[in-house]
Amino acid sequence: MKDIFNEYQESIKQFIKNKKFMFLMILTTVLSYGFTITHSSIGMDDLTLDKYIGDTYILSAGRWGTWLTYNLLRIKEFTPFWLDFIVVCVLLITAIFLCSFFKRVSKGKLKESSYIIFGTAFLSSPIVNNFFIYQATNLTVALSNLLLIIALSIIYENFYGKKRKKIYFLLAFFLIYPISMYEACCQTFVVLMFIVTLLH
């Protein structure tokens, strides 16, 4: 497992060192979110974070992962710029990790342009932008998607590798947390599972 981790690490480094790829990814990120981050406006539910997180409003929606994450990070009030900036960074990290994952699944057979198209489309997707205006959940939506993608990569490596059944049991417990942050991340998991199957 350590060798696989090192291979992912090396692949991610290659993407980060690829000037063309990173320039276009950062440009897409800035064009998609730059104005929103630097021109903060009060969005829906922004001023009720104390009720959502400090009280039990978000728990009543079954999103105890969001409640726990925000309380651990002590995000209990409207924080323009910083929270949005962190969410954008998480999205960029997710896009780079996904490209690295696809490169491994396809055994490096995809062209560089494929990763650029996918990465920029992922970052600028209207589906991704939809949750961005809700500061009460935007961080946990981004985190839950990243965690589920990491879990899927572990499932893939285990399924086509050593096939250790214990990993599936551990992942089953682990997946409870990201799903409890925002249940829509399950859609990402299912769609990516089909993409990975087709690529493989």
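Higher on the page you've got the structure.
Residues numbered from 1 in each chain as written. Predicted model: local features only at pLDDT ≥ 70, side-chain atom pairs only at ≥ 80, totals over all residues. Heavy atoms only, no water.

Colleague: Provide a residue-level description of the overall build of the protein chain, including the pertinent values.
Modeller: On a plain count of helices and strands, the protein chain comes out with eleven helices and zero strands. Relative to a compact globule of 200 residues, whose C-alpha radius of gyration would be 16 Å, the protein chain shows 18 Å and is just as compact. Viewed in the frame of its principal axes, the protein chain has a C-alpha envelope of about 50 × 40 × 25 Å. Partitioning the contacts of the protein chain with sequence separation of at least 6, the portion at a separation of at least 24 is 80%. Separation of charge centres in the protein chain, based on 19 positive and 12 negative side chains, amounts to 14 Å. (Helix = DSSP H or I, 4+ residues; strand = E, 2+ residues; numbered from the N terminus. Rg over C-alpha atoms; globule rule 2.2 N^0.38 Å. Contact = heavy atoms within 4.5 Å. Lys, Arg positive; Asp, Glu negative; His and termini not counted. Charge placed at Lys NZ, Arg CZ, Asp CG, Glu CD.)

Colleague: So what's going on with the side chain of asparagine 145? Residues and values would help.
Modeller: Turning to its location among the elements, asparagine 145 is positioned in helix α9 (residues 138–159). Judged by its relative accessible area of 14%, asparagine 145 is buried. Looking at asparagine 145, its side chain comes within polar contact range of the main-chain oxygen of valine 141, at 2.8 Å. When sequence neighbours within four positions are dropped, the list of residues in contact with asparagine 145 reads Cys185 and Thr188. (Buried < 20%, exposed > 50% of the residue type's maximum accessible area, 1.4 Å probe, protein only. Polar contact = N/O pair within 3.5 Å; in protein donor to acceptor, adjacent residues only side chain to side chain.)

Colleague: Could you give an account of the pattern of salt bridges, naming the residues involved and the relevant values?
Modeller: Side chains that differ in charge, positive against negative, can pair when their charged atoms come close. Throughout the structure, instances matching the rule amount to three salt bridges. Between arginine 104 and glutamate 157 there is a salt bridge, with its nearest N and O atoms 2.4 Å apart. Here glutamate 157 lies in helix α9 and arginine 104 lies in helix α6 (residues 82–105), a separation of 53 residues in the sequence. Classification of glutamate 157 by relative accessible area gives buried; the value is 10%. (Salt bridge = Lys/Arg side-chain N within 4 Å of Asp/Glu carboxyl O.)

Colleague: Tell me about a nonpolar patch on the surface, and please be specific about residues and values.
Modeller: Residues Leu59, Trp64, Phe173 and Ile176 make up a contiguous nonpolar surface patch of roughly 410 Å² in combined accessible area. Here isoleucine 176 is to be found in helix α10 (residues 165–181). (Patch = residues over 30% accessible without salt bridge, like charges linked within 9 Å, V, L, I, M, F, W, Y side chains within 5 Å. Areas by Shrake-Rupley, 256 points an atom, 1.4 Å probe, with all protein chains shown as cover.)

Colleague: So what about α10? Which residues, and what values?
Modeller: The end-to-end C-alpha distance of α10 is 26 Å, a good match for the 24 Å that 17 residues give at a rise of 1.5 Å each. Along its length, α10 shows its largest kink, about 25°, at phenylalanine 173. Inspection of α10 places Ile167, Leu171, Leu175, Pro178, Ser180 and Met181 among the buried residues, and these make up the whole buried set. (Expected span 1.5 Å × (residues − 1). Bend = angle between axes of the 7 residues up to and from the residue.)

Colleague: How would you summarise the packing of α6 against helix α11 (residues 185–199) if you had to cite specific residues and measurements?
Modeller: The contact between α6 and α11 brings their axes to 9 Å, and the two run at 35°. Considering only the axes of α6 and α11, their crossing is right-handed. The residues of α11 that touch α6, namely those facing Leu98, Phe101, Phe102 and Val105, are Leu192, Ile195, Val196 and Leu199. (Axes fitted to C-alpha atoms, helices over the stretch in contact; angles between N-to-C directions. Left-handed = near helix turned anticlockwise from the far one by under 90°.)

Colleague: Tell me what's going on with the packing of α9 against α11, and back it up with residues and numbers.
Modeller: Helix-helix packing is described using two parameters, namely the angle between the two axes and the distance between the axes. For the pair α9 and α11, interaxial distance at closest approach is 9 Å and the crossing angle is 35°. Both α9 and α11 take part in a crossing whose hand is right-handed. Between α9 and α11, the contacting residues are Ser144, Asn145, Leu148, Ile149, Leu152, Ile155 and Tyr156 on the first element and Cys185, Cys186, Thr188, Phe189, Leu192, Met193 and Val196 on the second. Classifying every residue of the contact of α9 with α11 by side-chain character gives eleven nonpolar, three polar and no charged. (Nonpolar A, V, L, I, M, F, W, Y, C, P; charged D, E, K, R; others polar.)

Colleague: Would you mind going over helix α2 (residues 19–38) in detail, with residue names and values included?
Modeller: Of all the bends in α2, the greatest measures close to 45° and is centred on serine 32. Of all the residues in α2, the buried ones are Phe21, Met22, Met25, Thr28, Thr29, Tyr33 and Ile37. The opening residue of α2, the one whose side-chain oxygen lies 3.3 Å from the backbone nitrogen of lysine 20, is asparagine 18.

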